[in-house]
2 protein chains.
Amino acid sequence: MKKIYNNQVEVVLDLIGGKWKSHIIFHLGSGPVRTGELIRLVAGITQKMLIEQLKELERDGLISRKSYNQVPPRVEYSLTNYGSSLKDILKVVCDWGDDYVKDRYPTAK
Amino acid sequence: MKKIYNNQVEVVLDLIGGKWKSHIIFHLGSGPVRTGELIRLVAGITQKMLIEQLKELERDGLISRKSYNQVPPRVEYSLTNYGSSLKDILKVVCDWGDDYVKDRYPTAK
DNA sequence: CTGTATCCAAAGCGATACTG
DNA sequence: CAGTATCGCTTTGGATACAG
């Protein structure tokens, strides 16, 4: 189904929205990571959510999945060029959020 | 209730997430706008959603509400400094989203 | 015109058990 | 180890009616 966007911010919100995607992208930032490793890195995520989000990220072209056909299974995920450039955008957003929090809640840790 | 954030991207997602906030910020970008005007500008939004989102944006310090005590009522919303700086961030995000779409779906309009 | 209150459907998220 | 399936709770969004 074709989706209509009123502006391109929605596009990005669809890509990184939700509770986990930004974290996953963050943890893939420095190279390929295995599935099990991701579960440990992304604190609190369940296996179901992780796989779900990974599939969406792959479908959207932000990450790529490489499966080594061996037993036990070994699968690695990494950022594509899209994912990598998005990571830079997220950095900008993150910095803004940091300033905002520091500025608005200066006493909080 | 205190909320724990794993990274500052979540903070921003809380501020602009959901279906409408980025649009509202966008339409407030060029100056104060009245409530009724916003309903027309933000295509498809219902009155309930608009007021709800406006209240949250005001609570978060991104917009300010000015009420002229007259009959019939007249209320105007405008961006605060926070909101204005966030608008610039959204511009960056928007541009990235634009490139992404053009790049990935070149045939679409 | 601006804002509030209900009620309801859909989506998101999570716990858990299970398969190859 | 990687991935799937089910079920239920919670959150979000939307239609509608109403009040100051």
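What comes next concerns the included structure. Nothing here was measured: the structure is a model prediction, and the numbers come from that model. Within each chain, residue numbers correspond to sequence positions counted from 1 in written order. The naming scheme follows written order: chains are lettered A onward, ligands numbered 1 onward. Given that this is a predicted model, residues contribute local features only at a pLDDT of at least 70 and side-chain atom pairs are listed and counted only at 80 or more, while totals for whole chains, interfaces and linings are drawn from all residues. Remark: hydrogens and water are excluded; side-chain values derive from all non-hydrogen atoms of the structure.

### Quick notes on the interface of chain A and chain B
Contacts between residues were defined by any pair of non-hydrogen atoms, one from each residue, lying within 4.5 Å. Counting from both sides, the interface comprises 32 residues of chain A and, opposite them, 32 residues of chain B. Here chain A and chain B share an interface that buries about 3100 Å² over both sides, 69% of which is from carbon and sulfur atoms. Summed over both partners, the accessible surface that disappears when two parts come together, traced with a 1.4 Å probe, is what is meant by buried area. A per-residue breakdown of the area chain A buries against chain B is headed by Gln8, Tyr82 and Trp96 of chain A, which together make up 21% of the total. Any Lys or Arg side-chain nitrogen found within 4 Å of a carboxyl oxygen on Asp or Glu counts as a salt bridge. Where chain A touches chain B, the interface holds zero salt bridges. We define a polar contact as two N or O atoms separated by no more than 3.5 Å, with the added condition that, inside protein, one atom must be a possible hydrogen donor and the other a possible acceptor, whereas residues neighbouring each other in sequence contribute only through side-chain atom pairs. At the boundary of chain A and chain B, one finds 14 residue pairs in polar contact (both at pLDDT 80 or more). Counting from the N terminus, the helices are the DSSP runs of H or I reaching at least four residues and the strands are the DSSP runs of E reaching at least two. Within the residue set of the side of chain A that touches chain B, elements represented by two or more residues are α1 (8–16), α2 (21–27) and α5 (81–104) of chain A. The greatest single-element share of the side of chain A that touches chain B, amounting to 15 residues, is contributed by α5 of chain A. Residue classes in the side of chain A that touches chain B are distributed as 17 nonpolar, nine polar and six charged. All residues other than Ala, Val, Leu, Ile, Met, Phe, Trp, Tyr, Cys, Pro, Asp, Glu, Lys and Arg, Gly among them, are scored as polar; the first ten of these are nonpolar and the last four charged.

### Observations concerning the relation of the copies chain A and chain B
For this overlay, a least-squares fit was computed on C-alpha atoms, restricted to residues scoring pLDDT of at least 70 in both copies. Least-squares fitting of chain A to chain B yields an RMSD of 0.1 Å, with the superposition described by an axial translation of 0.0 Å and a rotation of 180 degrees. Expressed as a symmetry operation, the mapping of one chain copy onto the other fits a two-fold axis. Residue Gly17 of chain A of chain A places its C-alpha closer to the rotation axis than any other residue of that unit, at 3.7 Å. In this assembly the copies share their binding face: 100% of the residues contributing to the interface of chain A also contribute to that of chain B.

### Describing the packing of aromatic side chains
Only Phe, Tyr and Trp rings take part, Trp by its six-membered ring, and two of them pair if their centres are within 6.5 Å. Stacked means planes under 30 degrees apart, edge-to-face means over 60, and tilted covers everything else. What the rule picks out here adds up to four aromatic pairs over all chains. With a centroid separation of 5.3 Å and 70 degrees between ring planes, the pair formed by Tyr100 of chain A and Tyr82 of chain B is classed as edge-to-face. Within this pair, whereas Tyr100 of chain A is found in helix α5, its partner Tyr82 of chain B is found in helix α5 (residues 81–104), the two belonging to separate chains. Since its relative accessible area comes to 3%, Tyr100 of chain A is described here as buried. Only protein chains enter the accessibility calculation, which uses a 1.4 Å probe. A residue is then buried if its area is under 20% of the maximum for its type, exposed if over 50%, and partly exposed in between. For Tyr82 of chain B, a relative accessible area of 22% corresponds to the partly exposed category. In this structure an aromatic cluster arises from ring pairing among Tyr82 of chain A together with Trp96 and Tyr100 of chain B. Comment: the charge-over-ring label is applied if NZ (Lys) or CZ (Arg) is within 6 Å of the ring centre and within 35 degrees of the ring normal. Across from the ring centre of Tyr68 of chain A, 5.3 Å away, lies the NZ or CZ of Arg74 of chain A, which sits over that ring.

### What about the protein's contact with DNA strand D?
Residues are labelled near a given molecule or strand when at least one of their non-hydrogen atoms is within 4 Å of it. Residues in close proximity to DNA strand D total 19 residues, the closest being Gly36, Gln47 and Arg65 of chain A together with Lys19 and Lys48 of chain B. A breakdown of the atoms of DNA strand D within 4 Å of the protein gives sugar and phosphate a share of 60%. Here a base oxygen of DNA strand D and a side-chain polar atom of Gln47 of chain A are 2.7 Å apart. Separating a phosphate oxygen of DNA strand D from a side-chain N or O atom of Lys55 of chain A is a distance of 3.2 Å. Contributing elements (two or more residues each) for the surface near DNA strand D: α3 (35–41), α4 (47–59) and β3 (74–79) of chain A together with α4 (47–59) of chain B. Among the elements that line the surface near DNA strand D, the one with the most residues is α4 of chain A, at four residues. Each residue belonging to the surface near DNA strand D can be placed in one class, and the counts come to eight nonpolar, five polar and six charged.

The quantities given are spatial measurements derived from coordinates; they are silent on function.
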